[in-house]
Amino acid sequence: SFLYKIGAALYRLYQSVVTDAPDLDRKLAPLPPPIPPEIQAALEGRYGAATRPTGDGYASMMLSSAIPVRSNGQVVGAVLVSQSTLRILRALGMVRLAIFKIFLGSVAVAAVLSLLLSATIARPLRRLRDEANDLLDRRGRLRGRFRGSDKADEIGDLARALERLTARLEEHQRSLEAFAADVSHELKNPLASIRAGTEMLAEVEDPEDRRRFLSLVERETARMERLLTGVREVTQIDARLEAEEAAPVDVAGLAREVIEGVGRRADKGVKIALQAPSHPLPVRASAERLTQVFENLLDNALSFSPANGHVLLTLAPDSGAVLLRVEDDGPGIPETHLARVFDRFFSYRPDEPHARNGHNGLGLAIVKAIVEGYGGMVTAGNRPEGGARFEVRLPLYPPTTGSIKTYS
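Residues numbered from 1 in each chain as written. Predicted model: local features only at pLDDT ≥ 70, side-chain atom pairs only at ≥ 80, totals over all residues. Heavy atoms only, no water.

S.K.: How should the overall build of the chain be read in this particular structure?
M.R.: Counting its secondary structure elements, the chain contains nine helices and ten strands. Looking at the chain residue by residue over its 408 residues, the buried ones come to 32%. In the chain, the proportion of contacts linking residues at least 24 apart, taken out of those at least 6 apart, comes to 61%. Of the accessible surface of the chain, which amounts to about 25100 Å², a share of 57% is contributed by carbon and sulfur atoms. (Helix = DSSP H or I, 4+ residues; strand = E, 2+ residues; numbered from the N terminus. Buried < 20%, exposed > 50% of the residue type's maximum accessible area, 1.4 Å probe, protein only. Contact = heavy atoms within 4.5 Å. Areas by Shrake-Rupley, 256 points an atom, 1.4 Å probe, with all protein chains shown as cover.)

This is the structure we're talking about:
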């Protein structure tokens, strides 16, 4: 057949390259002798057999057997039986043709799979590679993003994960830019006051005026120191919280210890009360960071509490978490500022004319960074009877998996 001829031509090409390849279709010469030797042997009274090419142009062989025919003890003739291998070769040719068809079918299937691979894997991967190359500019800033994919395969999952990653990077970059702008703004105000104060010190002669401007410079310098300390603390929390060693901590015992220390520096006769269960409430965290959470929330409540006011700290288990609630009986939080109280450098104290001198607006931002770093959440609100309420939820740590650091 035509298909067989194509396969044979390909094999002959293979033979021309591989010198020791077997010749499957060699053409053999016809039988040269006039009387076959097997017939000659039978006429001489012996059994004769021979194998020789048929000479039909194919690689077939002729198998011959001859026996003598006797009459009265003498050889009067011979019987020759011959069988060609042509049928076997034809059967082998059909097998070769079938194998060649399977080979061609396999090549076709491989070509189809290659096209599918290019359409479903290679092309999306090239698109992801191009998007990755265009993601950053020369200064390392985000200028593009991964577009995701609607495909339900693994490449689609990867594209969607990269899209979420770039969205988080964009949000983080905006946060860093806003933080830098806020720091610049917050530092610019005391620097302006310090410059004005020093300029006036060089011009005034009155001792009282000089003391007043010198006090201004000292106050603004202290304010800058507090701002820089707070900024360093915030950046350390963002960068090092996950690397810090965490251990199971009993927040109820830690709260009692913190209240004792905070209560000593409370002024205006404000009392701090604690409501907590007698059994441990373990949380996996750093005790130092949790102390910051307690102190910043309590200091914020104390600063807004009126004279002889009360601050209540409540601890209780709540659906697999520890609920920490700090309540005061101060003026509360205006509804317009509830969403901003955890922003860095935000401070709203309309009743205090020099509130910015003692508060840098980073305490609650530090609380939010620590709590969210440990997988919790913090919210702000107002009590129905008046006053602010801050709630923190941190995941409970199973007490059977490790020892709990307790406090007396």
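We are not done yet, so read on.
S.K.: When you look at helix H3 (residues 86–133) in this model, what are you seeing that I'm missing?
M.R.: Since one α-helical turn is 3.6 residues long, residues separated by three or four positions face the same way. If you check H3, its first and last C-alpha atoms are 65 Å apart, about what 48 residues at 1.5 Å a residue would give, namely 70 Å. Along H3, the largest kink reaches about 45° and is centred on Ser-118. Check the buried side of H3 and you find it contacts helix H1 (2–17) and helix H4 (154–201). (Expected span 1.5 Å × (residues − 1). Bend = angle between axes of the 7 residues up to and from the residue.)

S.K.: It is not clear to me how unusual backbone geometry should be interpreted in this structure. Could you clarify?
M.R.: Backbone phi values are negative for most residues with the exception of glycine, while trans is the configuration of most peptide bonds. Non-glycine residue Asn-308 carries a positive phi angle of around 60°. Mapped onto the elements, Asn-308 comes out in the loop between helix H7 (287–304) and strand S7 (310–318). You will see that Ser-319, though not glycine, has its phi angle at about 55°, which is positive. Mapped onto the fold, Ser-319 is located in the loop between S7 and strand S8 (321–328).

S.K.: What should I look at first to understand the packing of aromatic side chains in this one?
M.R.: Each pair of aromatic rings is reported with the distance of its centres and the angle of its planes. Throughout the structure, instances matching the rule amount to two aromatic pairs. Relative to Phe-103, the ring of Phe-100 lies with its centre 6.3 Å away and its plane at 25°, an arrangement referred to as stacked. Here Phe-100 and its partner Phe-103 are both found in helix H3, three residues apart, which amounts to about one turn of the helix. Exposure remark for Phe-103: the relative accessible area of 48% places this residue in the partly exposed category. Measuring from centroid to centroid gives 6.0 Å for Phe-342 and Phe-390, while their planes differ by 85°, and the two rings are edge-to-face. Of this pair, Phe-342 sits in the loop between S8 and helix H8 (355–358) while Phe-390 sits in strand S10 (residues 388–395), and the two are 48 residues apart along the sequence. As far as burial versus exposure is concerned, Phe-342 and Phe-390 are alike and both buried. (Phe/Tyr/Trp six-rings, centres within 6.5 Å; stacked < 30°, edge-to-face > 60°.)

S.K.: What am I meant to see in the sheet that holds S8 here?
M.R.: The strands making up a sheet are joined through hydrogen bonds of the backbone, oriented either antiparallel or parallel. Strand order across the open sheet formed by five strands is S5-S7-S8-S10-S9, with mixed pairing between neighbours. Each end of this open sheet is capped by a strand with a single partner; those strands are strand S5 (271–275) and strand S9 (377–382). The mean angle between the axes of side-by-side strands here comes to 15°, regardless of whether they run parallel or antiparallel. Note that S7 and S8 share eight bridges and pair antiparallel. Paired with Leu-313 across the bridge in S8 is Val-326. Along the sheet, H7 contacts S5, S7, S8 and S10; its crossing angle with S8, the most-contacted strand, is approximately 25°. (Pairing = 2+ DSSP bridges. Axes fitted to C-alpha atoms, helices over the stretch in contact; angles between N-to-C directions.)

Don't take any of this as a statement about function, it's just geometry.
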